[in-house]
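The lines below spell out each chain.
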Amino acid sequence: SPIATGAYSSIGPATVAAVHAAAPSLHVDVHLGVAHPTRELLTAFAAAGAGSITLQWEALGSAAEAEALARHIRASGCLAGVCVAPATPVAAIAPLLRTGVCDVVDVLCVEPGRGGQPFQPACLDKLRQLRAEFPQLRVLQADGGISQATAPLAAAAGANALVAGSALFGSTKTLPAAFAALEDALRQHGS
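Quick look at the structure, then. Quantities reported herein were computed from a predicted structural model and do not represent experimental measurements. (Residues numbered from 1 in each chain as written. Predicted model: local features only at pLDDT ≥ 70, side-chain atom pairs only at ≥ 80, totals over all residues. Heavy atoms only, no water.)

**Here we look at the pairing of strand β4 (residues 104-108)**
Move 1: Counting buried positions along β4 yields five of five residues, so the element is predominantly enclosed.
Move 2: Residues Val104, Asp106 and Leu108 of β4 are buried on one face, and the alternating residues Val105 and Val107, pointing to the opposite face, are buried as well.
Move 3: Inspection of the sheet shows strand β3 (residues 79-84) paired to β4 by four bridges, in the parallel sense. Bridging from a neighbouring strand, Cys83 pairs with Asp106 of β4. (Buried < 20%, exposed > 50% of the residue type's maximum accessible area, 1.4 Å probe, protein only. Helix = DSSP H or I, 4+ residues; strand = E, 2+ residues; numbered from the N terminus. Pairing = 2+ DSSP bridges.)

Here you go:
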């Protein structure tokens, strides 16, 4: 799969460092869609200013690898996360989440790889299940297909963070206005 080969990696630690230098108070979430990321790579992102590092579940070899990397991410001073593709059930990541090493779960509501895809409503059940079974999760984010119409649905299903591209950068509204609309959905419909 494209995820397993790391085909979606587009920025590195130098970009994170530049963003962090320009906006030091901004939380930078690094989502690594690469197969078997090394501890050195994770350390480089943490040193560059990442606030959280999220690993793509489908690109990892095992739950043991995911747990060891998540522990390393936390030891590096970042929040540790795992991202799941639409076809991956909660049961696949539940053992990892039960260890308590993950602060973030990113639920993809589109297929990985490109922006502008339609929201897959089936992700709402996954968000509800994760929020019910793992209420201690610090961040539960809905990722992809987020718009003014889908943001309230994701928030009501338990998401407390939204990952949006097209809804912000393709909006007819100004960027601050588009951002505010999504933020309002979290406040009004979130748990």
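**So, the pattern of salt bridges**
Move 1: Within the structure shown, the criterion is met by four salt bridges.
Move 2: Across the salt bridge formed by Arg74 and Asp103, the nearest N and O atoms sit 2.6 Å from each other. Pair noted here: Arg74 is in helix α3 (residues 63-75) and Asp103 is in the loop between α4 (90-98) and β4, with a separation of 29 residues, a long-range link.
Move 3: Residue Arg128 pairs with Asp125 through a salt bridge whose shortest N-O separation is 2.8 Å. Remark: Asp125 and Arg128 occur in helix α5 (residues 123-133); sequence separation between them is three residues, near one turn of the helix. (Salt bridge = Lys/Arg side-chain N within 4 Å of Asp/Glu carboxyl O.)

**Examining the environment of Ile73**
Move 1: Mapped onto the elements, Ile73 comes out in helix α3.
Move 2: Separated by 39 residues in the primary sequence, Ile73 and Pro112 place their C-alpha atoms 23 Å from one another.
Move 3: Filtering out sequence-adjacent residues up to four positions away, Ile73 remains in contact with Leu42, Ile53, Leu55, Cys78, Leu79 and Ala80. (Contact = heavy atoms within 4.5 Å.)

**Digging into the nonpolar core**
Move 1: If you look at the biggest cluster of nonpolar residues, it comprises 50 residues, and the most contacted ones within it are Ile53, Leu97, Val105, Leu127 and Leu130.
Move 2: At five residues, α4 tops the list of elements feeding residues into this core.
Move 3: Look past the residues within four positions of Leu97 in its chain and what remains in contact with it is Val82, Cys102, Val105, Leu130, Phe134, Gln136 and Leu137. (Core = buried A, V, L, I, M, F, W, Y, C linked by side-chain atoms within 4.5 Å.)

**A closer look at the sheet that holds strand β5 (residues 139-143)**
Move 1: Across the sheet, which stays open at both edges, the six strands sit in the order β1-β2-β3-β4-β5-β6 with parallel pairing between neighbours. Edge positions in the open sheet fall to β1 (29-32) and β6 (161-163), since each of these has one partner strand only. Neighbour to neighbour, the strand axes of the sheet diverge by 25° on average, direction disregarded.
Move 2: Those strands touched by α3 are β2 (52-56) and β3, and its axis lies near 170° from that of β2.
Move 3: Here α4 sits on the sheet and contacts β3 and β4; the angle it forms with β3, its principal contact strand, is near 170°. (Axes fitted to C-alpha atoms, helices over the stretch in contact; angles between N-to-C directions.)

By themselves, these are just geometric observations and shouldn't be taken as functional.
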